[in-house]
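Residue-level structure breakdown
These are the residues of each chain, in order.
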Amino acid sequence: MSDEEEAQLEEGEEEEEQEPVECKLTEQLCGDSLSLLCKIGNGLSHAYIKMDLHGKTLTDISIISAFVHVRYLDLSNNKLDSLSSLASLTHLLTLKADNNRLTTAAL
């Protein structure tokens, strides 16, 4: 095999690695990632307010919009290209989303 053919083969392998495989956030994964039980609202109810989803290779987090009481969220080291699903998290105080494929920080 010539050097040119080897270079083309390596380029093709690199392109294949860059293609993201879709990995959706599931209810099971959300449940496993929740912690820190706190009082919410008028103090009579409780909810988990911390969610740690770092390093899960996630590409779709649309289900997260159902977890409205989350205050602390770690989405670092995933393959996200949008944070629009976080718009409904009105209690969110801290967001960690480094090392993703984001082009904007807009919610």
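Please refer to the structure higher up on the page.
Basis of the calculations
Residues numbered from 1 in each chain as written. Predicted model: local features only at pLDDT ≥ 70, side-chain atom pairs only at ≥ 80, totals over all residues. Heavy atoms only, no water. Helix = DSSP H or I, 4+ residues; strand = E, 2+ residues; numbered from the N terminus. Polar contact = N/O pair within 3.5 Å; in protein donor to acceptor, adjacent residues only side chain to side chain. Contact = heavy atoms within 4.5 Å. Core = buried A, V, L, I, M, F, W, Y, C linked by side-chain atoms within 4.5 Å. Buried < 20%, exposed > 50% of the residue type's maximum accessible area, 1.4 Å probe, protein only. Pairing = 2+ DSSP bridges. Axes fitted to C-alpha atoms, helices over the stretch in contact; angles between N-to-C directions.

Note that Asn 78 resides in the loop between β3 (72-74) and β4 (94-96). Engagement of the side chain of Asn 78 in a polar contact is seen with the backbone nitrogen of Lys 56, the distance being 3.0 Å. Of note is the side chain of Asn 78, whose polar atom sits 2.8 Å from the backbone oxygen of Leu 75. Setting aside residues no more than four positions away along its own chain, Asn 78 makes contact with Leu 53, His 54, Gly 55, Lys 56, Thr 57, Leu 58, Asn 99 and Asn 100.

Ranked by internal contacts, the top residues of the largest apolar core, which has 17 residues, are Met 51, Leu 53, Ile 61, Ile 64, Leu 73, Leu 75 and Leu 86. The residues contacting Leu 75, other than those within four sequence positions of it, are Leu 53, Ile 61, Leu 80, Leu 83, Leu 86, Leu 95, Lys 96, Ala 97 and Asn 100.

Turning our attention to the pairing of strand β1 (residues 34-40). Sheet topology places β1 next to strand β2 (residues 45-52); six bridges connect them, and they run antiparallel. By the bridge assignment for β2, Ile 40 is matched with Ser 45. Linking two consecutive strands that pair antiparallel, namely β1 and β2, is a turn of four residues; a positive phi of about 60° is found at Gly 41 within it.

On to the sheet that holds β3. What the four strands build is an open sheet, ordered β1-β2-β3-β4; its pairing is mixed. Because the sheet does not close on itself, it has two edges, and the strands there are β1 and β4. Here the average twist between neighbouring strands, direction ignored, is 20°. Where β3 lies against β4, three bridges are found, and the strand directions are parallel. Residue pairing for β4: Leu 73 is matched across the bridge by Leu 95.

Quick look at unusual backbone geometry now. For Leu 36, which is not glycine, the phi dihedral falls at a positive 65°. Within the element layout of this structure, Leu 36 appears in strand β1. Given the relative accessible area of 42%, Leu 36 is considered partly exposed. Located in the positive-phi region is Asn 99, a residue other than glycine, with phi close to 60°. Mapped onto the elements, Asn 99 comes out in the segment after β4.

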